[in-house]
Amino acid sequence: MSEPNEPTKATEPTGNPAETGAEALIRREYRRKALGLDRMCDWDFAHDSGENPLLTEIGKNYVADYRELKNSGMGLMYFGGTGGGKSFAAAQIVNALTDAGYDCLFTSFRTILTDLGTLGHEGKRDYLNKLFRKDLLVFDEYGSEGDGNGASQMVQYIINGCYQRCIPLLVTTPYHMDTLAKSSNPQRLLALRRLWQRCYCVHVPVPASRRYQTKDRLEQIRRRLQIPDSLSEAPDCFTEPGEEYKGNANAKAKANAKAKTKTKTKTKTKENTKDKE
C-alpha cells in the first residue's frame, strides 16, 4: 500500500479542481465508506459555515499535523451541547484524511455493539481486527450506548486496543467531563482515563445563532399548531454543558463563604465576651 499523501494546512480537502467526474465519484465513495452516510460526505472544510472558526482551525491544524500525531496516537475529545457541531468537526477531519489516502472510520459504540451482537465468535474477532487496522477512528456520541449486556467491558476492550496500537481517536460526547468522571462503573472510568491520556479535550460551545434558530423553529410550530401558552413546555436544551456545574460550584462557594463568615462572627463574639468577663 502506498504512503498516504501528506495533508497540508492550506489545502481544502474537496478534491482537485481538475479532477474528472469519475474521480470525484470515487473520492465521494471513499468518503461515504468512511462516514456511513452520503450527506456527511459534504461535511468538509469547504462547506464550513464559519460559525465556530476556532473549532475549524483546530481541525485544519490536526489534519496538517496528522502524520506526527498518528505516530503518537494522539486525538481529540469534543464535548458540548447538542447542535454545537461536534460531529461535523470530526467528519471534516475524516473527509480530509480520507482524501489524503488514510483509512478512517466514523462510527459509535452503539453501532459497534449492535453489529457485534449479530455476529458469532469468529465474526466478532474479524470485525474487531478490521477496526484495529484503521488509521483513525471516530466514536460519536460517547456515553449514549448504555452499560447493559457487557457494553462497558467491550467499550473498555476497544479503547484499550486502540491505545495499545496507537490508533488516534476522535471522540464526541454530549456529556460534560464531570458527568463522565462521576460514573460508578470502574470499567467506564478505566476507559475514560485511557481516552484522556491520548485525547485532548475541547469544549464546543453551541453558537448563539443555532440556539436562536432552534427557538424560532419551535415558536413557529407553536404558532402554526395554535398551542396555547398554558400548554407549552420549553425544553431545557439551550444551556451550555457544565453551566449546571458552574452554578452548583458557585452556590457551594457562596455557602462556604457564608459559613466562614458565621464562624468568624461567632469567634469574635466569644472573644468579646471573654474580654468583658
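The coordinates are above.
All figures in this text were calculated on a predicted structure; none of them were measured in a lab. (Residues numbered from 1 in each chain as written. Predicted model: local features only at pLDDT ≥ 70, side-chain atom pairs only at ≥ 80, totals over all residues. Heavy atoms only, no water.)

**What to know about the side chain of Thr 98**
Heads up, the condition is: Here a strand is any run of E in DSSP of at least two residues, a helix any run of H or I of at least four, and the numbering for each starts at the N terminus. Residues count as neighbours in contact if any of their non-hydrogen atoms are within 4.5 Å of one another.
Along the chain, Thr 98 falls in helix 4 (residues 86–99). Once you skip the residues sitting within four places of it in the chain, Thr 98 turns out to touch Tyr 30, Arg 31, Ala 34 and Cys 104.

**Thoughts on helix 9 (residues 186–198)**
We count it as follows: One fewer than the residue count of a helix, multiplied by 1.5 Å, yields its expected span. Working definition: with a 1.4 Å probe on protein chains only, accessible area under 20% of the residue-type maximum means buried, over 50% means exposed, and in between means partly exposed. The directions considered for the arc run from the helix axis to the C-beta atoms. Polar contact criterion, stated in full: a pair of N or O atoms within 3.5 Å, where within protein one must be able to donate a hydrogen and the other to accept it, and residues adjacent in sequence count only if both atoms are side-chain atoms.
Compared with an ideal rise of 1.5 Å per residue, which puts 13 residues at 18 Å, helix 9 spans 19 Å between its outermost C-alpha atoms and is within 8% of the ideal. All of the buried residues in helix 9 are Arg 188, Ala 191, Leu 192, Leu 195 and Arg 198. Taken around the axis of helix 9, the buried residues stretch over an arc of 130 degrees, which confines them to a single face. Taking the backbone nitrogen of Gln 187 as reference, a side-chain oxygen 2.9 Å away marks Asn 185 as the first, capping residue of helix 9.

**Points about the sheet that holds strand 5 (residues 199–203)**
Strand pairing in a sheet relies on backbone hydrogen bonds. The paired strands run either parallel or antiparallel. Selection criterion: Paired strands, in this sense, are two strands between which DSSP finds at least two bridges. To get an axis, a line is fitted to the C-alpha atoms, and for a helix only the part in contact is used. The angle between two axes follows their N-to-C directions and goes from 0 to 180 degrees.
Pairing is parallel across the open sheet formed by five strands, whose spatial order is 2-3-4-1-5. Among the strands making up the open sheet, the edge pair consists of strand 2 (104–107) and strand 5. The sheet shows a mean angle of 15 degrees between the axes of neighbouring strands, taken without regard to direction. Across five bridges, strand 1 (residues 75–79) lies against strand 5 in parallel orientation. Considered in strand 5, the bridge of Leu 76 is made with Tyr 200. In the packing of helix 2 (residues 53–64) onto the sheet, contacts are made with strand 1, strand 3 (136–139), strand 4 (169–173) and strand 5, and the angle to strand 1 comes to roughly 165 degrees.

**So, the pattern of salt bridges**
Counted only if it meets this: Put simply, a salt bridge is a Lys or Arg side-chain nitrogen that is within 4 Å of an Asp or Glu carboxyl oxygen.
Evaluated as defined, the whole model comprises eleven salt bridges. Across the salt bridge formed by Arg 222 and Glu 219, the nearest N and O atoms sit 2.8 Å from each other. Pair noted here: Arg 222 and Glu 219 are both in helix 10 (residues 208–224), with a separation of three residues, about one helical turn. The exposure class assigned to Arg 222 is partly exposed, which follows from its relative accessible area of 23%.

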